[in-house]
Number of protein chains: 4
Amino acid sequence: SKVAIVGAGAVGSTLAYACLLRGAAREVVLFDRNRDKVEAQAMDIAHGIQFTPMGSVRGSDDVAICAGADVVVITAGARQKPGQSRLDLAGATIDIMRTLVPQLVEVAPHAVYVMVANPVDVVTYAGLKISGLPQHQFFGSGTVLDTSRLRYLVARACGVAVQSVHAYMAGEHGDSELPLWSSAMIGAVPLLQWGPTRDGRMLDEEMRAAIATEVVQSAYKIIAGKGATNYAVGLAVVRIIEAVMRNEHRVLSVSSLLEDYLEISDVCMSVPTVVGHDGVGRRLVPVVTERERHGLVQSAEAIRAVARQFGF
Amino acid sequence: SKVAIVGAGAVGSTLAYACLLRGAAREVVLFDRNRDKVEAQAMDIAHGIQFTPMGSVRGSDDVAICAGADVVVITAGARQKPGQSRLDLAGATIDIMRTLVPQLVEVAPHAVYVMVANPVDVVTYAGLKISGLPQHQFFGSGTVLDTSRLRYLVARACGVAVQSVHAYMAGEHGDSELPLWSSAMIGAVPLLQWGPTRDGRMLDEEMRAAIATEVVQSAYKIIAGKGATNYAVGLAVVRIIEAVMRNEHRVLSVSSLLEDYLEISDVCMSVPTVVGHDGVGRRLVPVVTERERHGLVQSAEAIRAVARQFGF
Amino acid sequence: SKVAIVGAGAVGSTLAYACLLRGAAREVVLFDRNRDKVEAQAMDIAHGIQFTPMGSVRGSDDVAICAGADVVVITAGARQKPGQSRLDLAGATIDIMRTLVPQLVEVAPHAVYVMVANPVDVVTYAGLKISGLPQHQFFGSGTVLDTSRLRYLVARACGVAVQSVHAYMAGEHGDSELPLWSSAMIGAVPLLQWGPTRDGRMLDEEMRAAIATEVVQSAYKIIAGKGATNYAVGLAVVRIIEAVMRNEHRVLSVSSLLEDYLEISDVCMSVPTVVGHDGVGRRLVPVVTERERHGLVQSAEAIRAVARQFGF
Amino acid sequence: SKVAIVGAGAVGSTLAYACLLRGAAREVVLFDRNRDKVEAQAMDIAHGIQFTPMGSVRGSDDVAICAGADVVVITAGARQKPGQSRLDLAGATIDIMRTLVPQLVEVAPHAVYVMVANPVDVVTYAGLKISGLPQHQFFGSGTVLDTSRLRYLVARACGVAVQSVHAYMAGEHGDSELPLWSSAMIGAVPLLQWGPTRDGRMLDEEMRAAIATEVVQSAYKIIAGKGATNYAVGLAVVRIIEAVMRNEHRVLSVSSLLEDYLEISDVCMSVPTVVGHDGVGRRLVPVVTERERHGLVQSAEAIRAVARQFGF
Ligand SMILES: NC(=O)c1ccc[n+]([C@@H]2O[C@H](COP(=O)([O-])OP(=O)(O)OC[C@H]3O[C@@H](n4cnc5c(N)ncnc54)[C@H](O)[C@@H]3O)[C@@H](O)[C@H]2O)c1
Ligand SMILES: NC(=O)c1ccc[n+]([C@@H]2O[C@H](COP(=O)([O-])OP(=O)(O)OC[C@H]3O[C@@H](n4cnc5c(N)ncnc54)[C@H](O)[C@@H]3O)[C@@H](O)[C@H]2O)c1
Ligand SMILES: NC(=O)c1ccc[n+]([C@@H]2O[C@H](COP(=O)([O-])OP(=O)(O)OC[C@H]3O[C@@H](n4cnc5c(N)ncnc54)[C@H](O)[C@@H]3O)[C@@H](O)[C@H]2O)c1
Ligand SMILES: NC(=O)c1ccc[n+]([C@@H]2O[C@H](COP(=O)([O-])OP(=O)(O)OC[C@H]3O[C@@H](n4cnc5c(N)ncnc54)[C@H](O)[C@@H]3O)[C@@H](O)[C@H]2O)c1
């Protein structure tokens, strides 16, 4: 089993590290155009192999290192700068994909592709079209990270394990995303009926709005404090890789091509989706309020507007 | 961190093994009145330590080995014989508890107690009364195992990961238990609205009834085939131990004393419950149909009837 | 990745359980001629999947279930009875192999075969000949278990982690086996120069002899106490499976065909051996004293004598 | 169980991440004087909790967050710049310790202290003296990382699993360090007698010298390529933390105060050492050649010379 990670920056190298620690694949390769950097990252990670389930890590500036990969994760792209919105990054990253994606598809035609570079939804759509691959084989990490932030905040507020919070962020991985509150559960209880939180206040609309805002703002805050986000995204993407590698059929809010989904079509966006060996499968349609449905439609439009701007 | 397991039979020794493999505690001790057996079990497990996160396993027929445990799991009891109902076992096992529980509480007064011996609900109630401990500190493994069977069957039918199925068995760990279908979810979709399963049939009332029946019948079938159930129960109880040891506040369907829960009182029975360092916390009240509520009340009555028969 | 386990008794089913807990393979299948039993074992294990890295477990009395396996582990054989020597079991188990091995090789011709049934060295030799496979593809679990017992006892005596003890049991998995003391190390110190143990006594020849005896006697003691050994052997065999599946090239004391090894030839016996994807590779020749060399030769003769008795 | 990490830069935050992924402690706290950065690191890591064994991560610029820690790891210090030798960093980092260590000892007097800041041997010695703690309670990560690099390179050359290579780097974590070749083993074979490597060349003195040089040069190379080393060191330090937390008594080449060790005294330096709950225990004395002994003595002198320069 082989995972190829394209881009050995903060996100790509942390992801390689998390793969190793989890034993997600036997072989991890890093590809980056910066040779000294990619070799240094691979060497630094490889030196830790003794402490992990056996595996191998190599790095190169030659795309051939990705040959025969089962999963290809693309993190090559401009890093989000403090204050910059995710959509601003679109043009530069799409340009990278025009060259990169055909090279990758040539050496790894059977891989499942996971886009991470931002703005992930737009770039996934562009990458999918450039690749010419079937839609199930090419998708983005979407709001898997945002979902994990949402669950973390709800869990902390309510005093339950994060694993007992079943809730999803959907829509754009960006400002227009939204939590699907009306289908969210804590254990067997609808989140909307949870009642008092740990500090005695109610989990009411005000508190939920504050949580949703914090999820959306998280990336900005972290980037302001440390210049990049890399740790949680590394784990989120390992989760996706494991779902593919082990053919788990797990429900994850990845960003994939939607057609006739709550009347949304021809856009890549995150909704709860079954992920397995072939990539993305059934997109689940949760019970939504009119307001949630409207939020999803607007999010789709926001993404589509940017994509169209770049000719996709 | 120390876990004491009382009873080194099929269940107790498999549980010790699973603890070791998971690194659930630094120290696992087995206590059983059969000295040769308990020493043999501990030795057989200890010989495998090289292959696991470090730890230690010891066995003894002296209850003092349990001293200072953080968690005490009680599996001592008559094994369910082919065809025998769980309630038939009650008398014998309650008698064991009259002697055993006070001895354990003396050496491990601050431990959280997890009863596994069957019929687990009745024996938990009796054990709690005998122990004199606060209710949160003494509970039973209840339907955690049955819940995992339910999720396994639903996952298999629907073609999704078992970790994406959020559903609970509640009530008696035994014939009167029931799935809480109306609060069950697959990803973000209510299970009742899931639609077609993997083989094209609908997940309709008939199929759900078949799944529920299979859950209830599982133990009988496995006991008929191999004489005992031990593997899944070992993992289910490790899950409970981890929730306590790591103070997870995870929602698990353990059997604990209910008071004013959907009008049910003074009985130990399983409902989705928050489990952490202090043992059981908030019992969650899911949305239930009238039929489900009625099923829970009847299950409570069945348990209470047996308990009362033995003076509890 | 698929592991097939033949024989769903104490050893086979515990091994399947350990595979699941370790995530050693995506798919584990159990094959046994006793249909009710094998189905019950598989069901009991499968019910615990929720608590483990995703995977699947199935059981059948049809050998076709083993088709396409990457590794086949054979535990079908008579269980060692209290008092019975391992060599006494030879005839019956070899007879089983005459039928079983050709069936297995037919459905899983590319698998690596790991023999566990006792007397494992003799049965491995017979199985290898019956199979017609190249020698690297068919070997026995040998003294991997005994080595782990040795390390456990040394670690306990010296007060160091078992992972810091580098020592091997070699020869027959049985009464004539011996520890390779002169190449044994604790950390960077030769075991023969370790000096005082935890209780102040020296790790001298007397103490080493006592440890060696305890290793040899372990199985008898455990079988006397609980009727079978299954836990440590389950972990030892998982370790072998992982070495093959992940192509680890790990040094393990498995039992394989020796040729010109310290003048020993044409016998299957355990020595430190590199194990990887293709099965067994280089057999390592440690520094041995004349006494150790002689012990190995005698052990080889003991095994060969039994094998020849059964026409191998 | 609580681990406090001082310094939330590349090393400290990666270490926190590795702790979480390994479940090495229930609670990880980060302390750094840069508030925005430490909060951002903690938040980024905490968002990934969903995907790991439960735990909590918090960050603060108030040293009180370290109160009651079981282990305190100190990574605060100047980062090694491209080309800069580790010894050049000494002065600045020792100055930091004069203020920092007393504050830490006040809030966490019973913790085991692990120094990581470079030049680690000198800074460990200074920190130990400043702390006033018993010597077993305060040591440095030393050559645990370098040892893992050595094993990685030997394993790759010889075609065996890194876990089957038993060899240690000793002396200074820096230019004067050396491999203890004469006690090194691969499986049960002395490394000096291994013979042909994977590419057919012999593991002779020339190749061993090349490997030793590569170990010493690794950090420079990685820093040149990516500006810091953080991944392998994160795993190496987690290994140390686990040895302490689980009281493993594992043999690790940490840097601790030596007295009468091969005639070396009054210096902190790495040799194979038993590490457990109380910190460092027995320092193992391997068989060394005269050349190796001399190398160790010289390394000790190099470290001592720097320490004395700063009044320690
Ligand atoms: N989807 C998410 O949840 C999520 C989260 C965090 C970051 N991101 C995104 O991930 C991307 C990477 O972030 P980062 O912090 O690692 O950035 P980074 O700048 O640290 O790393 C990017 C790497 O890509 C390499 N690269 C650029 N163009 C390349 C090309 N054509 N071929 C090969 N390599 C090339 C660069 O050399 C660099 O090493 C960004 O787009 C960022 O916005 C996404
Ligand atoms: N709650 C569940 O989900 C669940 C699942 C499976 C089994 N069980 C129950 O667990 C119990 C154990 O099952 P098993 O298969 O391990 O039975 P077992 O007969 O194999 O083991 C029971 C052990 O308890 C010991 N024991 C009995 N009385 C004792 C005493 N007073 N003090 C010390 N030790 C004593 C016996 O010596 C024996 O070793 C049974 O009651 C069974 O019904 C519960
Ligand atoms: N090598 C070791 O380190 C080691 C350690 C422990 C046990 N063992 C050996 O492992 C073997 C199994 O031990 P156990 O305790 O599991 O025994 P067991 O009796 O519990 O199980 C053996 C299983 O094999 C099945 N079986 C027998 N013949 C078969 C056939 N022809 N086809 C399919 N299935 C068949 C039986 O139905 C039974 O379920 C024994 O030979 C034992 O001595 C080896
Ligand atoms: N021993 C090893 O094996 C090894 C390996 C790699 C790095 N290192 C060393 O680890 C240290 C850290 O490296 P890095 O790459 O993380 O550096 P870094 O510059 O990224 O981080 C250091 C952090 O320490 C903080 N800090 C400095 N002084 C402080 C104080 N008085 N109180 C609180 N926080 C303070 C800084 O704000 C910064 O966030 C360096 O000394 C480096 O040489 C050691």
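Residues numbered from 1 in each chain as written. Chains lettered and ligands numbered in written order. Predicted model: local features only at pLDDT ≥ 70, side-chain atom pairs only at ≥ 80, totals over all residues. Heavy atoms only, no water.

### Some points on the site of ligand 4
All names here are of chain D. Our working rule: By convention in these notes, a residue is near a molecule or strand provided one of its non-hydrogen atoms lies within 4 Å of it. What qualifies as a polar contact is a pair of N or O atoms within 3.5 Å, subject to a donor-acceptor requirement within protein and to the restriction that residues adjacent in sequence count only when both atoms come from side chains. What counts as a helix is a DSSP run of H or I of at least four residues, what counts as a strand is a run of E of at least two, and both are numbered from the N terminus.
Lining the immediate environment of ligand 4, one finds 24 residues, of which Val11, Asp32, Lys37, Ala78 and Asn118 sit closest. At 3.1 Å from a nitrogen atom of ligand 4 is found a main-chain nitrogen or oxygen belonging to valine 116. At 3.0 Å from an oxygen atom of ligand 4 is found a side-chain nitrogen or oxygen belonging to asparagine 118. Going through the elements one at a time, helix H1 (10-22) and helix H3 (90-107) are the ones with two or more residues in the shell around ligand 4.

### Here's the deal with the sheet that holds strand S15 (residues 273-276) of chain A
Residue and element names in this part refer to chain A. Note the cut-off: When DSSP finds at least two bridges between two strands, those strands are taken to pair. Geometry is summarised by axes, namely lines fitted to C-alpha atoms with helices restricted to the contacting stretch, and by angles between N-to-C directions that run from 0 to 180 degrees. Contacts are assigned to residue pairs that have any heavy atoms within 4.5 Å of one another.
With respect to topology, three strands assemble into an open sheet ordered S12-S15-S16, the strand pairing being antiparallel. The sheet terminates laterally at strand S12 (250-252) and strand S16 (279-283), the two strands that pair on one side only. The sheet shows a mean angle of 40 degrees between the axes of neighbouring strands, direction not considered. Bridging between S12 and S15 involves three bridges; their strand directions are antiparallel. Considered in S15, the bridge of arginine 250 is made with valine 275. Here helix H7 (residues 231-245) sits on the sheet in contact with S12 and S15, set at roughly 145 degrees to S12.

### Some details on the relation of the copies chain B and chain A
One copy of the chain maps onto the other through a rotation about an axis plus a displacement along that axis. Heads up, the condition is: C-alpha atoms of residues with pLDDT of at least 70 in both copies form the basis for the least-squares superposition of the copies.
Mapping chain B onto chain A calls for a rotation angle of 180 degrees and an axial translation of 0.0 Å; the resulting RMSD is 0.0 Å. Taken together, the rotation and translation describe the operation of a two-fold axis. Interface overlap between copies: 100% of the residues of chain B at the interface are likewise at the interface in chain A, consistent with a symmetric, same-surface contact.

### Let's talk about helix H3 (residues 90-107) of chain C
Residue and element names in this part refer to chain C. The following threshold applies: Expected helix span is computed as 1.5 Å times (number of residues minus one). Here the bend at a residue means the angle between the axes of two seven-residue stretches, the one that ends at it and the one that starts at it. When a residue's accessible area, from a 1.4 Å probe over protein chains only, is under 20% of the maximum for its type it is buried; when over 50% it is exposed; and in between it is partly exposed.
Between its first and last C-alpha atoms H3 spans 25 Å; for 18 residues at 1.5 Å apiece the expected length is 26 Å, and the two agree. Arginine 98 marks where H3 bends most, by close to 35 degrees; the proline proline 102 follows one to four residues later. Looking at H3, one finds that the buried residues are Ala90, Gly91, Thr93, Ile94, Met97, Leu100, Val101, Leu104 and Val105.

### Comments concerning the site of ligand 1
All names here are of chain A. What counts, and what does not: Accessible surface is estimated by sampling points in the Shrake-Rupley manner with a 1.4 Å probe; for residues, cover comes only from the protein chains shown. The nonpolar class holds Ala, Val, Leu, Ile, Met, Phe, Trp, Tyr, Cys and Pro. Asp, Glu, Lys and Arg form the charged class, and all remaining residues, Gly among them, are polar.
The local shell around ligand 1 holds 24 residues, among which Val11, Asp32, Lys37, Ala78 and Arg79 are the closest. In the model, an oxygen atom of ligand 1 is placed 2.8 Å from a nitrogen or oxygen of the valine 11 main chain. Take serine 141: an N or O atom from its side chain is 3.3 Å from a nitrogen atom of ligand 1. Within the complex, the protein chains bury 90% of what would otherwise be the 860 Å² of accessible surface of ligand 1. For the shell around ligand 1, the secondary structure elements donating two or more residues are helix H1 (10-22) and helix H3 (90-107). Classifying every residue of the shell around ligand 1 gives eleven nonpolar, nine polar and four charged.

### Examining the pattern of salt bridges
Residue and element names in this part refer to chain D. Short version of the rule: What counts as a salt bridge is simple: a side-chain nitrogen of Lys or Arg found within 4 Å of a carboxyl oxygen of Asp or Glu.
Overall, the coordinates contain 52 salt bridges over all chains when judged by the stated rule. Across the salt bridge formed by glutamate 39 and arginine 35, the nearest N and O atoms sit 3.4 Å from each other. Linking glutamate 39 with arginine 35, this pair stays in helix H2 (residues 35-46), spanning four residues, or about one helical turn. The class of arginine 35 is partly exposed, set by a relative accessible area of 48%. Two residues, glutamate 242 and arginine 246, come together in a salt bridge whose shortest N-O distance is 3.5 Å.

Just distances and angles here, no functional claims.
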